[in-house]
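One-letter residues, chain by chain:
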Amino acid sequence: MEPLVRITKLQRQFGPTIDALRFVPQSSAVATLAPSPSSEVDEAKRRNDARQAAILASDRYSAAGVPTRYRLTVTTEKHPRWVTVYNRARAIVDNAGSTVVLTGSRGTGKTHMACELIRHACATMTARYETWADVLRRWREALTDGGESERKVVGDFSRVGLLVVDEIEVAKDGEFGDRCMRELIDRRYRNLRSTVLLSNLSVEALSARLDPSILSRMQECGEIIPCDWPSFRLNTATAGGKA
């Protein structure tokens, strides 16, 4: 019996739902019931690739130097402004070679935000968390006998995919500190490596503190983003928790 005749007879018995069968190629119906060996191989490869990518991202994050306190997952449901700024910062740092400065009072979640940016970056690249004091300490030690070469230190900080530098206002170190910051940002800008700087200064004070060349590069591909909401630590203390 021809297929169309068979369907017509079945339709008299089972009604209009049989009409759908007219538009399903026989080969497609078979493929749905029994996946071809090649599709199973493709799916297994996709799952294996995803598993390997997750392992690599985890290894990168483990090596990024994120402090233990800031490895905790952030609960963001009650902080919509934090989420808005995080999404803005993430969009900017995804543009290779950009510089973002997160600035605001203590306790507004800037460091947590920067460490979440590191977590995001580690899916595709290396990342590193440093304080400015540690950067300057390592840089200065490179100038002494028996220390690492300055070229190596600068190269290490320049090559990492995303670099987060916390507390940039703490260790000024005069002209030496200004030169280091200027050279660091310039090298990362030229190598298309994004940088996140954190500060407790106001936008105005920070703008006066940063070198004009850094501000110029940020006008091209970067931004100073204020985190100007109340301290989360104060809210925690008010609720009876630890500040």
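Keep in mind that this is a model prediction, so the values were computed, not measured.

What counts and what doesn't
Residues numbered from 1 in each chain as written. Predicted model: local features only at pLDDT ≥ 70, side-chain atom pairs only at ≥ 80, totals over all residues. Heavy atoms only, no water. Phe/Tyr/Trp six-rings, centres within 6.5 Å; stacked < 30°, edge-to-face > 60°. Helix = DSSP H or I, 4+ residues; strand = E, 2+ residues; numbered from the N terminus. Buried < 20%, exposed > 50% of the residue type's maximum accessible area, 1.4 Å probe, protein only. Lys NZ or Arg CZ within 6 Å of the ring centre and 35° of its normal. Axes fitted to C-alpha atoms, helices over the stretch in contact; angles between N-to-C directions. Parallel < 35°, antiparallel > 145°, perpendicular 65-115°, else oblique. Left-handed = near helix turned anticlockwise from the far one by under 90°. Contact = heavy atoms within 4.5 Å. Nonpolar A, V, L, I, M, F, W, Y, C, P; charged D, E, K, R; others polar.

A. Up close: the packing of aromatic side chains. For the coordinates displayed, the defined rule picks out 2 aromatic pairs. Residues W82 and Y86 carry aromatic rings whose centres are separated by 5.7 Å and whose planes lie at 10° to one another, so their mutual orientation is stacked. Taken together, the residues span about one helical turn, with W82 and Y86 both in helix α4 (residues 80-93) at a distance of 4 residues. With centroids separated by 6.5 Å and ring planes inclined at 25°, the aromatic side chains of W229 and F232 adopt a geometry described as stacked. Since its relative accessible area comes to 8%, W229 is described here as buried. The aromatic ring of F157 is capped on one face by R138, whose charged end is 5.2 Å from the ring centroid.

B. Structural view of the packing of α4 against helix α5 (residues 110-121). Where α4 contacts α5, the axes come no closer than 10 Å and their chain directions differ by 45°. Taken together, the axes of α4 and α5 lie oblique to each other. As for the relative orientation of α4 and α5, their crossing is right-handed in sense. Mapping the contact onto sequence places W82, V85, Y86, A89, R90 and V93 in α4 and H112, M113, E116, L117 and H120 in α5. A breakdown of the residues in the contact of α4 with α5 according to their chemical character gives 7 nonpolar, 2 polar and 2 charged.

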